[in-house]
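# Architecture at a glance
What follows is each chain in one-letter form.
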Amino acid sequence: MPAHPYAYLTGSLLWLAVWAALFAALKPHRRAMIWTSLCLAPTAPLSEIGCLRDYWHPPFILELRWGGWHFGGVEDYILGFALSGICAGVFEGWVVRRGAARLPPVRWRSIGRLAVWPGLGLLGFMGGLALGLRSIDSLLGAILLASGAMLARRRAPWAPALGLSVLFALAYQLFYVGVFLPWFPGSIEAFWNLENTWGIQWGGVPLEETIWAGLTMLFAGPYFRAALAPWGGGEGIGH
């Protein structure tokens, strides 16, 4: 049995608890949290198609497989659901308090736009893998490119998106150093293929993990607003 077999599940459930607390506290932004979580959670197990090959191999309580494809485990979906919804709730709370317009209702035309940005990210990820990039490099690049495309429009909220990305990356790092590693020592060496990382660790955590968290906020934070209120028109979100 692998070391700390419940480590990934425990970490994912802790973030889900944070999601639940924010959902209770941020009543005006629950819609953004739910839609973002539901739409972006599937991208987490989908990214494991590449990441399980060369980046890491965490223990799963329930693995997700389809034919010859390995999509990681249910832990991936839980973590993706939790983190993406947290980012949306925090982002909406931040920008609305600073004068951003309230979001309009979800309409059928919005549904299609909700699929555009994660679809672009997944295409970029698969393209990077096809070019021979390491999975984590392909993933980070794809999220960055999709975020840039999403925010590259008039009145886009670059400042709050970037600022919250830095803060969320720091919060994720603190979670690793202050909670995860004290509870599950040795997990980094046990679950990550460190020879396939950049070789830079911060507090014992591969730097890629911290950057991934920041990019998750950069993309998932403004994602729902990008679909419902395109910034090229009259719905801005201030600055």
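What this report covers is the structure whose coordinates are included nearby.

Criteria and cut-off values
- Residues numbered from 1 in each chain as written.
- Predicted model: local features only at pLDDT ≥ 70, side-chain atom pairs only at ≥ 80, totals over all residues.
- Heavy atoms only, no water.
- Helix = DSSP H or I, 4+ residues; strand = E, 2+ residues; numbered from the N terminus.
- Rg over C-alpha atoms; globule rule 2.2 N^0.38 Å.
- Buried < 20%, exposed > 50% of the residue type's maximum accessible area, 1.4 Å probe, protein only.
- Contact = heavy atoms within 4.5 Å.
- Areas by Shrake-Rupley, 256 points an atom, 1.4 Å probe, with all protein chains shown as cover.
- Core = buried A, V, L, I, M, F, W, Y, C linked by side-chain atoms within 4.5 Å.

From N to C terminus, the protein chain includes 9 helices and 4 strands. Overall, the protein chain shows an N-to-C arrangement of helices and strands of α-α-α-β-β-α-α-α-α-α-β-β-α. Its C-alpha atoms give the protein chain a radius of gyration of 17 Å, within 12% of the compact-globule value 18 Å for 239 residues. Once the C-alpha set of the protein chain is aligned to its principal axes, its extents read approximately 55 × 40 × 30 Å. The buried share of the protein chain, reckoned over its 239 residues, is 49%. Residue pairs at least 24 apart in sequence account for 76% of intrachain contacts in the protein chain once pairs closer than 6 positions are excluded. Within the structure as shown, the protein chain displays about 11,000 Å² of accessible surface, and the carbon and sulfur contribution to it stands at 69%.

The subject of this paragraph is the nonpolar core. Membership of the largest hydrophobic core comes to 60 residues, with the highest contact counts inside it found for Trp15, Phe168, Tyr172, Trp212 and Phe219. Per element, the largest residue contribution to this core is 12 residues, and it comes from helix α9 (residues 207–228). In this structure Trp15 touches Leu79, Ala82, Leu83, Ile86, Phe168, Tyr172 and Phe175, once residues within four positions along its chain are discounted.

The values reported here are purely geometric and, on their own, carry no functional implication.
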